[in-house]
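These are the residues of each chain, in order.
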Number of protein chains: 2
Amino acid sequence: MSLKDIIGRALSNWMKGTGPEFDIALSSRVRLARNLEHLPFPAVADESQLKQVLTSTQKALPIECMKNAEFIRLSEISPLERQLLVEKHLISPQHAQNVKHKAAIVREDEAVSVMVNEEDHLRIQAIFPGLQPLEAWSLAGKVDDGFAEKLEFAGSERLGFLTACPTNVGTGMRASIMLHLPALSMTEQMKRVVGVVGQFGLTVRGIYGEGTDILGNIYQMSNQVTLGQSEVEIVEHLTRVAKQIIDQERAAREHILQQSRIRLTDRIFRSYGTLAYARSISTQEAMQLISDVRLGIDMGLVTDLEPRILQELLVIIRPAHLQKLMGRELNVEERDEHRAMLIRERMKQTDK
Amino acid sequence: MSLKDIIGRALSNWMKGTGPEFDIALSSRVRLARNLEHLPFPAVADESQLKQVLTSTQKALPIECMKNAEFIRLSEISPLERQLLVEKHLISPQHAQNVKHKAAIVREDEAVSVMVNEEDHLRIQAIFPGLQPLEAWSLAGKVDDGFAEKLEFAGSERLGFLTACPTNVGTGMRASIMLHLPALSMTEQMKRVVGVVGQFGLTVRGIYGEGTDILGNIYQMSNQVTLGQSEVEIVEHLTRVAKQIIDQERAAREHILQQSRIRLTDRIFRSYGTLAYARSISTQEAMQLISDVRLGIDMGLVTDLEPRILQELLVIIRPAHLQKLMGRELNVEERDEHRAMLIRERMKQTDK
């Protein structure tokens, strides 16, 4: 299998590197939490109730908006395959643990995935490339409507949808935008940005959710409030704040270019050279260097690579993808070596 | 002018990267100090006496062993051109200062140069690539004999040649070998090596002589004793000790390769990548990285470059060569940029 095929298989729709504001907004995601009426939340449900959720969900799957979707019982696939789903952002890290009676439904283009029996009975997720949270909401909503034709969801007129965690009650919606913010990071403005974002009722986290590391200057910004606002209001608010951060990132890039063009260019190309030649590299270092190279692409300094290299490498250099690719388990040293090899090969395939 | 031409012009015979033990011994040099009878040493001579030395030397130039030699009055060339001679190791840094009544005689292939009115009236120098101090002594001796046919040198039966500095009295000879010792440096054995070398009556210094920095793990080893031993004895002793150090360096290389192949390979290729892509680089850093790449070439890890790249870059990235190349004075930042550009271009010209 060629590297191109491997990357092709690893890629979901959202990793295309296209969409509005694609130079900074990598992807937009909307996740809806839903629970079936008359059944306890997964954490307190018994085995037969969890099975019932699985069966009902599978039966209610809306065919028209879930083209060629795969219904995957997580207990029937290997830990490695579960980890692949996590690395592609199709399921949460939590969902890959204690997998009895858990499932993932994944649409063919991977733009929609549904986690069954995670914290809630259903978590419907739609991801789009670029700054398109409204489009993601619209698609997730369509899938939600599809399920609702056959399932009755727990909720009340006054509170909206009921969820296992009170922070999700109401719309049950979490909308998030993945932002690449190298210039704000370099100029040490991220602390300030995170503070301001908090004042707007939004939160900023690492790319694999709460408590995960910041890799490659990529931040996930999402709403904290799910109650008292409509879905569209939440999404529009998030979009407005995202656009402001995007403007600030652009200004910071311009500023660095004006103030220290040589130093910036030198840093970007040194990162390029290291990626193209290193024989061993950690995820953390690789992501930082890829972030530099991507900044170089966005600023027109690096001209032989496409922006999507960031999204591609973001996924394929993760441990499960590396091990899948090599066809065997790898220890840390081996992973660092194979990661370096994979990146070198990808860098050689100049896109232009 | 193409880069190839520029490098071609910058290169002396000794930079070919050939000769015995060329993987570690970069070059061998012999320098003979001679003074004219009946004239005071340059430091205490008056103007007319200094002029007399210049005239006598020019007249006595042995034509047969100094083919197409150029007699350069240092006061008649620019400071930049004098610095070029220093960077090519044809004259000492001291000789490029206070240049009134000083001259350099340079043979066409730059294997022989003579400093006139440096510390002594004449300093005859021969350089060969690789470990060939005996060959260098033989050539320097031939030039010395040539001069002696027409000049009378100061000396005595008992002491041998008289020199301005007592440390040179006797043979007036300083023989030195330039050694590339990256593995002994990496394994922190250089302090020990320098100590041992001292016990053998030899000394280790930087590549531009006493008190200069160690650049790119290149060391110059030379004799301290000039009295009480014949020239051949001195050269043979130096060669024996050099061979021992060369063996130790080879053993250290083997050891590192056995113990940490991946780490070594990674370091070498990261250095390669940085050299091939950096947009700004200091001499100090460049030399360290080039040392790594050269080690990679010697160990068969880097296969697209010839060993001589070390010697080439050693010379052409120095400030005067850079400024000559660019045709104008450059400040430190500009030099770092142009140095990076020059190295990038050279790296692109893979040798195989």
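Reading guide: rules and limits
Sequence order sets the numbering: in each chain, residues are counted from 1 along the sequence as written. Key to labels: chains lettered from A, ligands numbered from 1, both in the order written. Since the coordinates come from a predicted model, pLDDT governs what is reported: local features require at least 70, and pairs of side-chain atoms require 80 or more to be given and counted, while whole-chain, interface and lining totals use all residues. To obtain the side-chain values, all non-hydrogen atoms of the structure were included, while hydrogens and water were left out. Within this document, salt bridges are pairs made up of a side-chain nitrogen of Lys or Arg and a carboxyl oxygen of Asp or Glu, the two lying within 4 Å of each other. Numbering goes from the N terminus for both helices and strands, where a helix is a DSSP run of H or I of at least four residues and a strand is a run of E of at least two. Any residue under 20% of the maximum accessible area for its type is buried, any over 50% is exposed, and the rest in between are partly exposed; the area is computed with a 1.4 Å probe on protein chains only. Domains are outlined according to an automatic or database domain assignment. Should any heavy atoms of two residues lie within 4.5 Å, those residues are counted as being in contact. When two parts are put together, the accessible area they lose, computed with a 1.4 Å probe and summed over both, is reported as buried area. At least two bridges found by DSSP between two strands is the condition for calling them paired. Helix axes are fitted only over the stretch in contact, all axes being lines through C-alpha atoms; the angle between N-to-C directions runs from 0 to 180 degrees.

**Q** Help me out: how do you make sense of the pattern of salt bridges in this one?
**A** Any two side chains of opposite charge can pair, on the condition that their charged atoms come close. Residues and elements named next belong to chain A. Taken as a whole, this structure holds 40 salt bridges over all chains when the rule is applied. When the shortest N-O distance is used, the salt bridge between arginine 250 and aspartate 23 registers 3.1 Å. Of this pair, arginine 250 sits in helix α7 (residues 231–277) while aspartate 23 sits in the loop between α1 (3–10) and β1 (25–34), placing them 227 residues apart in sequence. Given the relative accessible area of 33%, arginine 250 is considered partly exposed. Owing to a relative accessible area of 17%, aspartate 23 belongs among the buried residues under this scheme. The network of salt bridges with common partners includes Glu118, Glu119, Asp120 and Arg123.

**Q** Even after reading the chapter, I still don't get the domain arrangement of chain A, so can you show me in this structure?
**A** Many descriptions give the size of an interface as the accessible area lost when the pieces come together. Residue and element names in this part refer to chain A. You can read the domains of chain A as domain 1 (3–252) and domain 2 (260–347). In this structure, domain 1 and domain 2 have C-alpha centres spaced 26 Å apart. Facing the 31 residues of domain 1 at the interface are 29 residues of domain 2. Summed over both partners, the interface of domain 1 with domain 2 comes to about 2,600 Å²; 72% of that surface belongs to carbon and sulfur atoms.

**Q** Explain the sheet that holds strand β9 (residues 202–205) of chain A here, please?
**A** Remark on secondary structure: sheet strands pair via backbone hydrogen bonds, oriented parallel or antiparallel. Residue and element names in this part refer to chain A. Pairing within the open sheet is antiparallel, and its 8 strands lie in the order β2-β3-β4-β5-β1-β8-β10-β9. The sheet is open, and its two edges are formed by β2 (70–73) and β9, each paired on a single side. The mean inter-strand angle of the sheet, taken between neighbouring strand axes irrespective of direction, is 20°. Bridge count for β1 against strand β8 (residues 173–180) is 7 bridges, and the pairing is antiparallel.

**Q** Can you help me understand helix α3 (residues 79–87) of chain A in this one?
**A** Think of an α-helix as turning once every 3.6 residues; residues three or four places apart then point the same way. Residues and elements named next belong to chain A. Along α3, the positions that sit buried rather than exposed are Arg82, Leu84, Leu85, Val86 and Glu87. Looking at the buried side of α3, the elements it contacts are α9 (309–316) and α10 (319–326). Immediately downstream of α3, the backbone of histidine 89 shows phi near 65°, a positive value.

**Q** In this structure, what is going on with the interface of chain A and chain B? I would like to understand it.
**A** Between chain A and chain B, the residue contacts involve 15 residues of the former and 15 residues of the latter. Roughly 1,500 Å² is buried in total at the junction of chain A and chain B, and carbon and sulfur atoms are behind 62% of that figure. Interface area lost by chain A to chain B is led by Arg270(A), Tyr277(A) and Arg279(A), which between them contribute 42%. Our count for the chain A to chain B interface comes out at 2 salt bridges. The residue Arg270(B) makes a salt bridge to Glu285(A) at a minimum N-O spacing of 2.7 Å.

**Q** What should I look at first to understand the pairing of strand β8 (residues 173–180) of chain B in this one?
**A** Look at any regular strand and the pattern is simple: side chains alternate between the two faces of the sheet. Residue and element names in this part refer to chain B. Summarising burial for β8: 8 of the 8 residues are buried, a large majority. Residue alternation in β8 divides its side chains into two sets, Met173, Ala175, Ile177 and Leu179 and Arg174, Ser176, Met178 and His180, and both sets are buried. Two elements, β8 and strand β10 (residues 218–223), share 5 bridges in a ladder whose sense is antiparallel. Within β10, the position partnered with isoleucine 177 by the bridge is methionine 221.

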